[in-house]
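A structural walkthrough
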Amino acid sequence: MKEKVHFSPVILDPNTASGWLYLSDDLTSVRRGDTWQQLPDNPERNTKYANVFGSEGFSSGKHSWEVEVGDHPVWTVGLAKESIDRKGETYVSSKYGIWCLLHREGKYTNGLGKSLTVKKSLQRIRVQLDYDGGEVTFSNSEDMSLIFTHKDTFTEKLFPCFNIGPAGLMKLQ
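As a starting point, this report considers the structure included with it. (Residues numbered from 1 in each chain as written. Predicted model: local features only at pLDDT ≥ 70, side-chain atom pairs only at ≥ 80, totals over all residues. Heavy atoms only, no water.)

Take the sheet that holds strand β4 (residues 51–53) next. Taken together, six strands build an open sheet; the order of strands is β4-β13-β6-β7-β8-β9 and the sheet is antiparallel. Both edges of this open sheet fall to β4 and β9 (115–116), since each of them pairs with a single strand only. Strand direction decides the pairing type here: β4 and strand β13 (residues 158–164), joined by three bridges, are antiparallel. Following the sheet pairing, N51 is matched in β13 by N163. (Pairing = 2+ DSSP bridges. Helix = DSSP H or I, 4+ residues; strand = E, 2+ residues; numbered from the N terminus.)

Close approach of charged atoms lets side chains of opposite charge pair. Under the counting rule described, the total for this entry stands at five salt bridges. With a closest N to O distance of 2.7 Å, K87 and D41 form a salt bridge. Note that K87 is positioned in the loop between β6 (75–81) and β7 (98–104) and D41 in the loop between β3 (29–32) and β4, a separation of 46 residues in sequence. A residue is classified by how much of its surface remains accessible, and K87, at 32% relative accessible area, is partly exposed. For D41, a relative accessible area of 60% puts it in the exposed group. A salt bridge links E135 to K151; its shortest N-O distance comes to 3.1 Å. Residue E135 is found in strand β11 (residues 135–140), and its partner K151 is found in strand β12 (residues 145–151); the two are separated by 16 residues along the sequence. The exposure class of E135 is partly exposed, given its relative accessible area of 26%. Of the residues examined, K151 reaches a relative accessible area of 63% and is grouped as exposed. One continuous salt-bridge network, built from bridges that share partners, spans E66, R124 and R126. (Salt bridge = Lys/Arg side-chain N within 4 Å of Asp/Glu carboxyl O. Buried < 20%, exposed > 50% of the residue type's maximum accessible area, 1.4 Å probe, protein only.)

Structure follows, in structure tokens:
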């Protein structure tokens, strides 16, 4: 019997949003602003980078969600472990607890510096987490073609995470 994959839109956690980020009222989209908002410096707030995390973390099971990235030139989509440093220097790599897909300067990379080949510019990404199986898979939502899969052993709660470059916008679905 197949294990059920839970597909539901990610709700963003405003307490984790960088001061550069502006969340929609329904907490399902985020845009990068031109000005820094003065927000409370609570422990979960991302202050060094323009990051925001999902409100629900996962420590077991299979989960899936989609992110519309559009034509924006700079973004990161993936998962971060709960204990990630949100105030200081954090490297976007699975070595440091971030499993992601990055888009910079027209290139896609896997968070370990490896370039990825995609057939056409990605507009919408499906992220699938199999926590117990140790996999995070990224696919092109338009044709469900595989982009790549991170394989690892997860030892703590993982949260959907998003980073947006200047003038960027993401919609969660």
